[in-house]
Amino acid sequence: MSSNTLPIELSQTRRATLRRYRRVATTLLDEFRAQRSAVLAAGVLGFFVFLGVFAPLIAPYDPTREFVINGQAQRLLEPSLKHPFGTTALSRDVFSQWVYGSRVSLIVGLVSGLAVMAIGTSVGVVAGYYKGNVDLVLMRVVDTLYGVPATPFILLLVLFFGTSLTNIVLAMVFILWRTMARVVRSETLSLAERPFVKAARATGASDFRIITVHILPNLLPLIMIETTIIIAFSITLEAGISFLGLGATDVTSWGTMLELTFSSGAIRSAWWWVLPPGISITLLVLSFFYLSRVVEGITSPDSGRFEL
Amino acid sequence: MNQERLRYLLKRAGLSLFSLWVVATALFFAFRLLPGDPTTSVIAPQMSASARAELASQYGLNEPLSVQYLLYMENLLTGNLGVSFQFNQPVSSLIVPKLVNTLALTATAVILAYLIGSLVGAYLASRRDTSVDIYGTAVVLMMYAAPVFWTGLLAIMVFSFRLDWVPSGGIHSVTFVADSFWGGYLSVDFLHHLVLPLVVTTLYFLSVPALTMRNNMIDTLDEDFIQLSRAAGLSDFSILYRHAARNALLPVLHYAAVSLGFAFGGSVVIETVFSWPGLGQMMFNATLAQDFPLAQSTFFLLAAIIIFMNFLADALSVYVDPRTSATE
């Protein structure tokens, strides 16, 4: 008898859980659809992801190929059917470079965003939960990092260790986790004083369980908002470093494209070379800002706030 | 209350000094423990062997690392920052004019951005959820998302090369001769060069105060005393700018100091686009030329300015809002 009812009960609870999940998912989806700007932002991001993933299929030429016709280098050609975005001062195809450039921005944003999320959250939660000397030491590190100018710091590191995408991303992560750690810490400090955390502690839950089961899920919206902002910020930061001529030499990025338009003096005439990378960086960064607002809109619907 | 405030300020000042010390120490080790000849951090490699040896003993480079460290700290505290390889001049004499140039552009831009940005933010909040607010916020965000070097490029492309209204870079015309140090900054020629970079950077810095102000105003407008003023029949204008804006302005003031520090770090990129001979450009060129004394000193100075501005932000916050020291 009992061996018969137990599976039924279990499947019932399971079905209830599933139903609850489905309800949460549809609410999220509805909320998302309700915000037109969010749909647009997701569309823009999706477009660039598509561009990056299928770059070899979309780009008509190799981004480093130099076009020469009858011994005549095809420099700074205006847009045409053959070259939809024209050519560069080095007679390369702007369209192909632009397509491949999306890869760099997306990878830089994603990798540094995730790394900053992991480091910043861990440090912030540990400092906010354990307080005392642990907090004191960790927050002094964060304070000091706040005193370091980001762009000059990355310049110095890249100068010491060489210009590669890996080094740029490492240098960015090294400095950018400070904001994440600070906001997560202060939220953890207040969460740790809430009744449900105290109750969990009273029932003998371990620190690990309190952190993972009770605190982290409540931090999730904040972490998501911060991460999208960090992604956006690191994309512009990488573009800036590349613009200074210290970008990755092994790949074509939107920042290095803009560096060449400037150093070659092509900004005098070649608008077709200047516009695509800049517009793309702006749109991509903007889409992350609006995606962070979706999270904000779901967690505190009437705040109408816009965090940067 | 006042004593509590003072204790808080002293604590923040102590922490700022600590950060400064850590940065200085990190720089010392970064430049000395690198692979290669450690003397290059102070002495130009192209000097003759005897000159090198003389300088090496002068800077104590033959001493053990601990003695070198003490010497380095002493030199730093007394403003003796070494001699630039490229210019063969004391670093401190090179830095001062560049600092003034950076201040003229960056500080002006940040101040303008905060004045205009706060007004824009307050206005957007008062038109909350109307199309003015939605599109206005989108424009403000776009100005923040667009890389400032790119908007700078576009501005140069249009206003310098197409329309030929303003120069494409630099701080003075080639033919310009200043009658005095400050006279150079009060001339029409300087203003003519300043316009374009100033407008571009101001628009870039405008987003943070505008959005912060918008957020704060939205929160403030929901508070009881605003409802009360409305019930008392005060005009919308008076409620918005005399009552709500004053309260919403406090956190914006805090960000102003932080932004100014942040702007110094970002000056590298802005000054490169506009060939503006400031600290950022100097730091960048020194780094490229491997002019270690100059690169090290400008980096330290930028860090010191940021740390000071962060301290100033904290100090401003307790001054205008006494609750800060209690909640930290």
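Just so it is clear, the structure is predicted and the values come from calculations on it, not from any experiment.

The rules behind the values
Residues numbered from 1 in each chain as written. Chains lettered and ligands numbered in written order. Predicted model: local features only at pLDDT ≥ 70, side-chain atom pairs only at ≥ 80, totals over all residues. Heavy atoms only, no water. Helix = DSSP H or I, 4+ residues; strand = E, 2+ residues; numbered from the N terminus. Buried < 20%, exposed > 50% of the residue type's maximum accessible area, 1.4 Å probe, protein only. Contact = heavy atoms within 4.5 Å. Polar contact = N/O pair within 3.5 Å; in protein donor to acceptor, adjacent residues only side chain to side chain. UniProt positions renumbered as here; feature names shortened; annotations may be inferred. Buried area = accessible area lost by both parts, 1.4 Å probe. Salt bridge = Lys/Arg side-chain N within 4 Å of Asp/Glu carboxyl O. Nonpolar A, V, L, I, M, F, W, Y, C, P; charged D, E, K, R; others polar.

J.: Describe the overall build of chain B, naming the residues involved and giving the relevant values.
T.: Scanning chain B from N- to C-terminus turns up 13 helices and 0 strands. Along chain B, helices (α) and strands (β) appear in the sequence α-α-α-α-α-α-α-α-α-α-α-α-α when read from the amino end. C-alpha atoms of chain B, sized along the principal axes, occupy 85 × 60 × 40 Å. The buried share of chain B, taken over its 328 residues, is 50%.

J.: Let's hear about helix α10 (residues 254-263) of chain A: which residues, and what values?
T.: All of the buried residues in α10(A) are A:W254, A:G255, A:T256, A:M257, A:L258 and A:T261. Here the buried face of α10(A) lies against α2 (36-53), α4 (94-130), α9 (207-246) and α11 (271-299) of chain A together with α6 (148-162) of chain B. Capping the start of α10(A) is the job of one residue whose side-chain oxygen sits 3.2 Å from the backbone nitrogen of A:G255: A:S253. Downstream of α10(A) by one or two residues, A:G265 has phi in the positive range, about 75°.

J.: Mind laying out the UniProt feature "transmembrane region" (unreviewed entry) in chain B, listing which residues take part and the relevant values?
T.: Residues and elements named next belong to chain B. Annotation from UniProt places "transmembrane region" (unreviewed entry) at residues 12-31, 103-125, 137-159, 190-211, 252-274 and 294-313. For residues 12-31, the end-to-end C-alpha separation is 29 Å, with 100% helix and 0% strand making up the annotated structure. A distance of 28 Å separates the end C-alpha atoms of residues 294-313, which is 100% helix and 0% strand.

J.: Tell me what's going on with the interface of chain A and chain B, and back it up with residues and numbers.
T.: One widely used convention gives an interface's size as the accessible area the parts lose upon coming together. Contacts between the two partners involve 46 residues from chain A and, on the opposite side, 52 residues from chain B. Of the roughly 4,400 Å² buried between chain A and chain B on both sides combined, carbon and sulfur atoms contribute 76%. Counting across the interface, chain A meets chain B through 0 salt bridges. In this assembly, chain A and chain B are joined by 1 residue pair in polar contact (both at pLDDT 80 or more). For the side of chain A that touches chain B, the elements supplying multiple residues, two or more each, are α5 (132-146), α6 (150-161), α9, α10 and α11 of chain A. Considering every element that reaches the side of chain A that touches chain B, the biggest residue donor is α11(A), with 12 residues. Looking at side-chain class alone, the side of chain A that touches chain B contains 28 nonpolar, 11 polar and 7 charged residues.

J.: Outline the UniProt feature "transmembrane region" (unreviewed entry) in chain A, listing residues and values.
T.: Residues and elements named next belong to chain A. Sequence positions flagged by UniProt for "transmembrane region" (unreviewed entry) are, in local numbering, residues 38-59, 106-130, 150-177, 219-244 and 270-291. Between the C-alpha atoms that bound residues 38-59 the distance is 28 Å, and the span itself is 91% helix and 0% strand. Across residues 270-291, helical content stands at 95% and strand content at 0%; the span's end C-alpha atoms are separated by 33 Å.

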